Amino acid sequence: MADKVFIALQNNADAQPIIEAILADNPEAVPQESPGMVKIDCPWRLVVRRESIEARIGREFDLQELHVHLISLGGNLDEDDDQFTLAWTR
Amino acid sequence: MAKKLGLKERYALMTRGLDWEPSYQPLDKLFPYDSYEGIVIKDWDAWADPFRLTMDAYWKYQAEKERKLYAILDAFQQNNGQLNLSDARYLSAVKLWLQGVTPLEYAAHRGFAHAGRAFRGAGARIACQMQSIDELRHAQTQLHAFSHYNKFFSGFHNFAHMRDRAWYLSIPKSFFEDAMTAGPFEFVTSISFAFEYVLTNLLFMPFVSGAAYNGDMATTTFGFSAQSDESRHMTLGLEVVKFMLEQHEDNVPIVQAWLDKWFWRGYRLLGLVGTMMDYMLPKKVMSWQEAWGIYWEENGVALFHDLARYGIRLPKHHEVAAKEKNRLTHEMWTVLYQYGNALGLHTWVPNDEELDWMSEKYGELFTSMYRPRLLHLRELEQRGERFFNNRLPMVCQVCQIPVFYTEPDDPHVQCVRIVEAAGTKHHCCSDGCADIFNREPMKYVQALIPPQQIYRGEAGGARDIFEYGAWLHLERDVDTGEYRGSPDQRHWQAWQQQHKATPADAA
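It should be emphasised that the depicted structure is a prediction, and the values quoted were computed from it without experimental measurement.

1. Examining empty space enclosed by the protein
Any empty space left between the atoms is revealed when a probe the size of a water molecule rolls over them. Residues and elements named next belong to chain B. Here the structure, examined in full by the defined rule, presents 4 cavities of 30 Å³ or more. What the largest cavity holds in volume is close to 280 Å³. For the largest cavity, the lining is made up of 22 residues, of which Val 101, Leu 104, Phe 195, Leu 203 and Leu 269 are closest to its centre. Looking at the lining of the largest cavity, the elements with two or more residues in it are helix H4 (91–118), helix H7 (170–180), helix H8 (184–199), helix H9 (201–213) and helix H11 (251–280). Here the lining of the largest cavity takes 7 residues from H4, the largest share from any one element.

Structure, rendered in structure tokens:
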């Protein structure tokens with residue numbers, strides 16, 4: 001069975017384009033809603049791309065703005081200016 | 001104009017780039033605590049914070065989180081948000097949080113300030129500094145959020161006093177004091193990794209989501225705001241563990257022993273959180289058993305698979321946690337219920353709808369064992385003989401939880417382990433706690449065990465449970481005891497009627 005990484009975000013209006021971008025960029029990602037939050041699971045690896053978020057919100061986005069909406073995560077993290085990656089070693 | 005620096009360059013400049021080589025004193029004298037645990041570090045520069053957060057960005061985003069949080073707390077208070085809770089029983093969970101968890105946040109603030117001072121690597125020092133400030137923020141925002149409830153409900157009035165005196169609060173307190181009296185590497189492994197990465201998702205995700213479902217906007221907001229800091233702490237925890245494992249193979253058995261110990265201590269502490277979820281949330285999001293399945297058996301185990309490449313295996317006794325998951329909270333609630341005269345929160349027998357939910361979630365074992373017991377307690381209460389133990393329990397020398405859990409392979413037999421050190425016998429609740437004791441017996445023989453101290457007259461000379469309650473500043477049958485008939489319940493019912501009244505009804 002594939003080990004899953006996850007990211008959980010507050011389910012508020014600001015986080016919607018981020019959630020949409022994640023689901024579009026990671027076809028295997030599965031969102032799970034519970035009151036107040038969305039947890040997105042994905043086998044092995046999940047990428048949050050700055051450009052995908054910017055395309056949805058129509059302004060520049062600093063990936064560190066994620067901190068304001070982030071609830072939790074699981075996986076080895078690597079972050080640079082363009083993407084935020086969570087992964088388990090296969 | 002010069003090109004803006006990338007995240008990786010900024011991080012390097014703003015962390016290691018700000019550090020310097022001391023010239024007056026050798027490093028070993030400046031950082032005397034980062035070697036005695038036996039952890040070998042060859043290259044501190046190999047440390048990297050994967051978030052690459054620098055102090056300037058830290059202040060910016062934390063300020064934004066605070067602005068959002070306090071706007072919501074203001075709205076909650078100004079609009080009498082307490083009236084929109086699902087039920088006043090819910091507040092027992094919040095009381096336990098205030099009395100048990102909030103002081104841990106403050107302890108974590110102190111612990112990380114100390115650990116941050118102890119490491120000679122600048123990256124690790126800065127990550128600890130941020131976590132130390134975060135933890136202080138969590139303690140403060142929780143106190144602000146809960147202070148509103150103190151205007152309307154009992155049990156919120158004296159948490160700091162209770163933290164020092166209440167027998168059941170020694171469960172969380174002893175957890176943190178154990179960590180804070182360890183060395184800096186063990187401290188960070190215990191709190192950032194074992195507790196935060198592996199276990200706190202269970203408190204801050206399903207429980208806080210439950211708070212949202214039960215109408216507690218204040219707790220939901222600080223809870224998620226705090227957990228966004230926790231994702232940074234977890235990342236620090238995973239980083240410190242990988243760093244130790246990568247630096248030297250001799251570190252592997254030391255780290256494994258810490259993971260074994262702190263998984264078990266954290267799991268034991270979470271028995272209280274599971275009970276908050278299953279029993280104190282009037283509207284349920286998921287059961288403890290389901291949450292354990294998602295957050296430990298899926299997410300936690302995935303993390304350990306990842307660490308297998310370093311020679312790390314799953315923590316010892318994880319299989320015991322799996323065997324206990326369908327009974328942990330039911331056994332814990334029975335204890336809280338019977339010792340209710342010495343608690344700063346209310347307890348009760350769940351209603352029929354809740355019992356049905358538990359039968360559905362927990363199946364045969366609940367229906368055949370715990371449901372009849374709860375129904376028996378209800379019958380006693382209805383006869384006017386509400387059951388209180390009115391004594392104090394024997395508690396585990398390590399986790400300080402009453403020795404009431406059952407044998408992993410037999411839920412009909414109480415699990416007790418007797419350990420010995422320095423010519424004295426001590427009791428443990430499980431093989432997990434007995435292993436922890438036996439690894440460092442001279443540490444745990446020093447633990448003060450509340451019931452023993454109370455019976456020795458160290459609790460203000462209290463001679464019975466009611467005098468002891470008064471010494472905690474708990475008013476009998478107001479702050480303590482049964483929920484049904486309590487002032488909290490009477491007020492709640494009156495306010496709900498008033499709240500629902502419309503001018504037309506009033507006419």
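Additional details are given in the paragraphs that follow.
2. Let's talk about the nonpolar core
Phe 84 of chain A together with Trp 97 and Phe 193 of chain B are the most contacted members of the largest nonpolar core, which has 186 residues in total. Considering each element in turn, this core owes the most residues, 16 residues, to H11 of chain B. Apart from the residues within four sequence positions on either side, Phe 193 of chain B is in contact with Val 188, Val 198, Gly 237, Leu 238, Val 241, Leu 259, Leu 303, Phe 304 and Leu 307 of chain B.

3. Remarks on unusual backbone geometry
Residue and element names in this part refer to chain B. Even without a glycine there, the phi angle at Arg 52 is positive, about 50°. When you line up the elements, Arg 52 lands in the loop between helix H2 (27–30) and helix H3 (55–78). Residue Arg 52 is classed as buried on the basis of its relative accessible area of 12%.

4. Section: H9 of chain B
Here H9 of chain B spans 17 Å end to end across 13 residues, near enough to the 18 Å set by a 1.5 Å rise per residue. Those residues of H9 of chain B that fall on the buried side of the exposure criterion are Asn 201, Leu 202, Leu 203, Phe 204, Met 205, Pro 206, Phe 207, Val 208, Ser 209, Gly 210 and Ala 211 of chain B.

5. Looking at the packing of aromatic side chains
All names here are of chain B. All told, the structure shown has 37 aromatic pairs over all chains when counted by the stated rule. Linked through ring pairs, Phe 193, Tyr 197, Phe 263, Trp 264, Tyr 267, Trp 288, Trp 292, Trp 296 and Phe 304 together constitute an aromatic cluster. We note Lys 284 situated over the ring of Trp 357; from NZ or CZ to the ring centre the distance is 5.3 Å. It is Arg 386 that lies over the ring of Tyr 337; its NZ or CZ is 3.6 Å from the centre.

6. Let's talk about the confidence of the model for chain B
For chain B, per-residue confidence averages 93 on the pLDDT scale, and residues scoring 70 or more make up 98% of the total. Both scores are given for the predicted complex: the pTM is 0.94, the ipTM 0.91.

Parameters and conventions
Residues numbered from 1 in each chain as written. Chains lettered and ligands numbered in written order. Predicted model: local features only at pLDDT ≥ 70, side-chain atom pairs only at ≥ 80, totals over all residues. Heavy atoms only, no water. 1 Å grid on protein atoms, 1.4 Å probe; cavity = no way out; pocket = protein on both sides within 12 Å on 5 of 7 lines; lining within 4 Å. Points joined across faces, edges and corners; volume = space filled by probe spheres on them. Helix = DSSP H or I, 4+ residues; strand = E, 2+ residues; numbered from the N terminus. Core = buried A, V, L, I, M, F, W, Y, C linked by side-chain atoms within 4.5 Å. Buried < 20%, exposed > 50% of the residue type's maximum accessible area, 1.4 Å probe, protein only. Contact = heavy atoms within 4.5 Å. Expected span 1.5 Å × (residues − 1). Phe/Tyr/Trp six-rings, centres within 6.5 Å; stacked < 30°, edge-to-face > 60°. Lys NZ or Arg CZ within 6 Å of the ring centre and 35° of its normal. pLDDT = per-residue confidence, 0-100.

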